[in-house]
Amino acid sequence: MIRRNLIATGVIATVALLGLSACSSGSTETPDAGATVDAATATSAEDFGGFEALVAAAQAEGELNVIALPENWANYGKIIAAFEDEYGITVNSASPDVSSAEEIQAAENLKGQDTAPDVFDLGTAVAFDSLDYFAPYQVQTWDDIPAENKEATGLWVNDYTGLMSIGYNADLVDAPASLDDLLGEGYKGAVALNGDPTQAGAAFAGVGLATVQGGGSLDDFQTGIDFFADLNAAGNFLTVDPTPATIASGETPVVFDWSYNNIAEKQNVPTWENLVLPGAAYGAYYNQAINIDAPNPAAARLWQEWIFSDTVQNLYLESGAFPVRLAAMEAAGSVDADILKAVGGLPEELVSADEAQTTAANELLAAAWPGVIG
């Protein structure tokens, strides 16, 4: 599976440079007034003269560069295709399988080039550590987004969250009723994390889930670390990074991952089941941000409008990811009721590590995790 959300940024793989041509200036002629708008500094659609003028400016650029958006991740295949159909703008999707930290490295490597990413979809820890790379922007649906889910000027905005879940092949293993079940004989060499928790957000969240399910506090991830140490000692923990291929072959019959990823796997493996354990659930939002050096700054801003529209928020929900505007859409009657019924609502007991807890957990994992897998 995909290890997009890096928690630590110390070791970052090099992202391949996709081109060396110079980027656009960022100034766009508005169709109605004839004035020049610096799209790179626009903080709302009104700065263009309204939404239709923003659309025209983005269409004049004609392209949008995205990065780290796998087609089977949170419905991004449909989201990208629908954007192209709606606005006639070509989306160039680069390096879909890279991590959040590698997104930022790509922006650094490609700065000044027309192949640099225009927008980011980032894990929280990387977003907090990368504010200098972002341009502020407030979408038209800004007021629907709770204050705790956005930076006040729009440098970053939460877009969707998943639940950490257990995916398993019902043909190969029994359904676990609790984490402790995974310590039993029936799961020998069977249980994998989606990545390394010192680097990948999905794996980090797996340890977080084990922490709260084991009665621990997100102030101290030791409970979760101890669980995986016990899992390894029992011979049940696989250090293989799960992928669609390892799931299809049965090499990784049990996987800790985001619910929307485990739901998507069922399309390829009909016997693949998604289990959200009863009790405390662990979730974490991803974050939208605009590259301050975006080569297509108007298209980047139109993409933000698209992401936070009813259309895309419902597409996130369709994948099993919960959109940030869900409560407001329910109140307004704009959520797709059939999809919401099929997916179900957010659990009553949903927790997520805040910035301080994430920092503390990163430090603990950096010191303790090598001993778990060593």
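Whatever comes next refers back to the structure up there.
Here goes a summary of the coordinates provided. Residue positions are counted from 1 within each chain, in the order its sequence is given. In view of the model being predicted, local features appear only for residues whose pLDDT reaches at least 70, and side-chain atom pairs are presented and counted only at 80 or more, with totals across whole chains, interfaces and linings using the full set of residues. Hydrogens are left out, water is left out, and the side-chain values use all remaining heavy atoms of the structure.

Focus: helix H13 (residues 355–373)
Here's step 1: Elements are defined by DSSP. Helices are runs of H or I of four residues or more, strands are runs of E of two residues or more, and each kind is numbered from the N terminus. Here, expected helix span is obtained from the residue count minus one, scaled by 1.5 Å. Between its terminal C-alpha atoms H13 stretches 26 Å, which fits the 27 Å expected from 19 residues at 1.5 Å a residue.
Here's step 2: Contacts are residue-level and defined by heavy atoms, with any inter-residue pair within 4.5 Å sufficient. On its buried face, H13 is in contact with helix H4 (124–128), strand E8 (191–193), helix H5 (201–213), helix H6 (222–233) and strand E9 (237–238).

What about the pattern of salt bridges?
Here's step 1: Only one rule defines a salt bridge in this text: a Lys or Arg side-chain nitrogen within 4 Å of an Asp or Glu carboxyl oxygen. Inspection of the entire model under this criterion finds 6 salt bridges.
Here's step 2: Between Asp293 and Lys111 there is a salt bridge, and its shortest N-O distance comes to 3.9 Å. Of the two residues, Asp293 is situated in the loop between strand E12 (281–291) and helix H9 (297–307) and Lys111 in the loop between helix H3 (100–109) and strand E5 (119–123); the sequence distance between them amounts to 182 residues.
Here's step 3: The buried label applies to any residue whose accessible area, calculated with a 1.4 Å probe on protein chains only, is under 20% of its type's maximum; exposed applies above 50%, and partly exposed to all values in between. Overall, Asp293 belongs to the partly exposed group, its relative accessible area being 32%.
Here's step 4: Here Asp144 makes a salt bridge to Arg325, at a shortest N to O gap of 2.8 Å. Placement of the pair is Asp144 in the loop between strand E6 (134–135) and strand E7 (157–169) and Arg325 in the loop between strand E13 (322–323) and helix H11 (326–332), with a sequence separation of 181 residues.
Here's step 5: Judged by relative accessible area, which is 30%, Asp144 ranks as partly exposed.
Here's step 6: Given a relative accessible area of 4%, Arg325 falls into the buried group.

Notes on helix H1 (residues 51–61)
Count 3.6 residues to each turn of an α-helix, and residues three or four apart come out pointing the same way.
Here's step 1: Every buried residue of H1 is listed here: Ala53, Leu54, Val55, Ala57 and Ala58.
Here's step 2: Directly after H1, the chain includes Gly62, whose backbone phi takes a positive value near 85°.

Re unusual backbone geometry
For residues besides glycine, phi is generally negative; the peptide bonds are generally trans as well.
Here's step 1: For Ala68, which is not glycine, the phi dihedral falls at a positive 60°.
Here's step 2: Residue position: Ala68 is located in the loop between strand E3 (63–67) and helix H2 (76–87).
Here's step 3: Not every positive phi belongs to a glycine, and Asn75 is a case in point at roughly 75°.
Here's step 4: Among the secondary structure elements, Asn75 is positioned in the loop between E3 and H2.

Comments concerning the packing of H2 against H9
Here's step 1: It is at 11 Å that the axes of H2 and H9 come closest, and there the two elements cross at 120°. Relative to H9, H2 is oriented oblique. In the packing of H2 onto H9, the handedness of the crossing is right-handed. Residue-level contacts link Tyr76, Ile79, Ile80, Ala82, Phe83, Glu86 and Tyr87 of H2 to Ala299, Leu302, Trp303, Trp306 and Ile307 of H9.
Here's step 2: Of the residues belonging to the contact of H2 with H9, the class tally is 11 nonpolar, no polar and 1 charged. Where helices are involved, their axes are fitted lines through C-alpha atoms of the stretch in contact, as for all axes, and angles between N-to-C directions lie from 0 to 180°. Angle categories are assigned with fixed cut-offs, so that under 35 degrees is roughly parallel, over 145 is roughly antiparallel, 65 to 115 is roughly perpendicular, and the rest are oblique. Handedness of a helix crossing follows the sense of rotation of the near helix relative to the far helix, less than a right angle counterclockwise being left-handed and clockwise being right-handed. The nonpolar class holds Ala, Val, Leu, Ile, Met, Phe, Trp, Tyr, Cys and Pro. Asp, Glu, Lys and Arg form the charged class, and all remaining residues, Gly among them, are polar.

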